[in-house]
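Residues per chain, in single letters:
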Amino acid sequence: MEEITDGVNNLSVTADSYKKNRIQVSNTKKPLFFYVNLAKRYMQQHNEVELSALGMAIATVVTIAEILKNNGLAVEKKIMTSTVDVNDESRGRPLQKAKIEILLGKTEKFDELMAAAAEKEAGDGEEQS
């Protein structure tokens with residue numbers, strides 16, 4: 001039991017396996033604009049965001065990236081594709097799934113656009129009162 005405790009205490013997470021600015025997207029768990037807004041917040045905090053997805057969620061990640069780019073908020077820095085082995089318990093054997101990682105950075109106008117959007121939102125709230 002002591003060996004297990006020592007192993008857990010000495011466990012270190014490498015920067016690559018856990019990134020503070022990575023969003024792992026699912027196409028079933030959250031609505032699309034949840035991820036769009038989360039990506040905006042991550043870019044405000046870290047100047048860039050990494051969107052990551054497996055399999056069927058890849059289309060969702062591409063859509064999020066395109067929304068951010070088309071609104072002038074983000075630029076593509078890097079796109080990486082690969083395949084990963086995932087254990088399929090129903091078949092009892094490993095299954096290969098496609099993986100995509102898109103690294104987006106802030107545009108020069110990002111802060112200006114975000115401030116304008118926040119100002120518009122504040123103005124809309126006052127009109128409704």
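All values reported here derive from a predicted model rather than from experimental measurement. (Residues numbered from 1 in each chain as written. Predicted model: local features only at pLDDT ≥ 70, side-chain atom pairs only at ≥ 80, totals over all residues. Heavy atoms only, no water.)

Draft legend 1. Spotlight on the sheet that holds strand β3 (residues 74-88). An order of β1-β2-β4-β3 is seen for the four strands of this open sheet, with the pairing classed as mixed. Pairing within the sheet leaves two strands with one partner each, and these edge strands are β1 (22-24) and β3. Along the sheet, successive strands turn relative to each other by an average axial angle of 20°, direction set aside. Judged from the 14 bridges that link them, β3 and strand β4 (residues 93-106) form a sheet pairing that is antiparallel. Paired with Lys-78 across the strands is Leu-103, a residue of β4. On the sheet, helix α3 (residues 58-70) packs against β2 (48-54), β3 and β4 and is oriented at approximately 5° with respect to β4. (Pairing = 2+ DSSP bridges. Helix = DSSP H or I, 4+ residues; strand = E, 2+ residues; numbered from the N terminus. Axes fitted to C-alpha atoms, helices over the stretch in contact; angles between N-to-C directions. Contact = heavy atoms within 4.5 Å.)

Draft legend 2. Representation of α3. With 13 residues, α3 extends 18 Å between its outermost C-alpha atoms, agreeing within 8% with the 18 Å of an ideal straight helix rising 1.5 Å per residue. Buried residues of α3: Ile-58, Thr-60, Val-61, Ile-64, Ala-65, Ile-67 and Leu-68, and no others. Buried-residue contacts for α3 involve α2 (32-46), β2, β3 and β4. A positive phi of about 75° marks Gly-72, the residue just after α3. (Expected span 1.5 Å × (residues − 1). Buried < 20%, exposed > 50% of the residue type's maximum accessible area, 1.4 Å probe, protein only.)

Draft legend 3. Region of the structure containing the pattern of salt bridges. The full count for this structure, using the stated rule, is seven salt bridges. Ionic pairing is found between Lys-77 and Glu-48, a salt bridge with its closest N-O pair at 2.7 Å. With Lys-77 in strand β3 and Glu-48 in strand β2, the pair connects residues that are 29 residues apart, well separated along the chain. Take Glu-48: its relative accessible area is 22%, and that puts it in the partly exposed class. Across the salt bridge formed by Glu-76 and Lys-69, the nearest N and O atoms sit 2.6 Å from each other. Taking the relative accessible area as the measure of exposure, Glu-76 reaches 39% and is therefore partly exposed. Because the salt bridges share partners, they merge into one network encompassing Arg-22, Glu-50, Lys-99 and Glu-101. (Salt bridge = Lys/Arg side-chain N within 4 Å of Asp/Glu carboxyl O.)

Draft legend 4. How the structure looks around the packing of α2 against α3. One way to put it is that α2 packs onto α3 with a least axis distance of 10 Å and a crossing angle of 55°. Classified by the angle their axes make, α2 and α3 are oblique. Crossing hand, α2 versus α3: right-handed. Here Leu-32, Phe-33, Tyr-35, Val-36, Ala-39, Lys-40 and Met-43 of α2 lie close against α3, whose contacting residues are Thr-60, Thr-63, Ile-64, Ile-67 and Leu-68. Of the residues in the contact of α2 with α3, the class split is nine nonpolar, two polar and one charged. (Parallel < 35°, antiparallel > 145°, perpendicular 65-115°, else oblique. Left-handed = near helix turned anticlockwise from the far one by under 90°. Nonpolar A, V, L, I, M, F, W, Y, C, P; charged D, E, K, R; others polar.)

Draft legend 5. Structural detail: the layout of surface pockets. Of the pockets and cavities examined, the largest pocket occupies roughly 200 Å³. Tallying contributions element by element places β2 first for the lining of the largest pocket, with three residues. Among the residues forming the lining of the largest pocket, the class breakdown is five nonpolar, four polar and three charged. Here the second largest pocket is characterised by a volume of approximately 150 Å³. As for the second largest pocket, its lining consists of Asn-37, Lys-40, Arg-41, Gln-44, Met-114, Ala-117, Ala-118 and Glu-121. Contributions of two or more residues to the lining of the second largest pocket are made by α2 and α4 (110-128). Broken down by class, the residue content of the lining of the second largest pocket amounts to three nonpolar, two polar and three charged. (1 Å grid on protein atoms, 1.4 Å probe; cavity = no way out; pocket = protein on both sides within 12 Å on 5 of 7 lines; lining within 4 Å. Points joined across faces, edges and corners; volume = space filled by probe spheres on them.)

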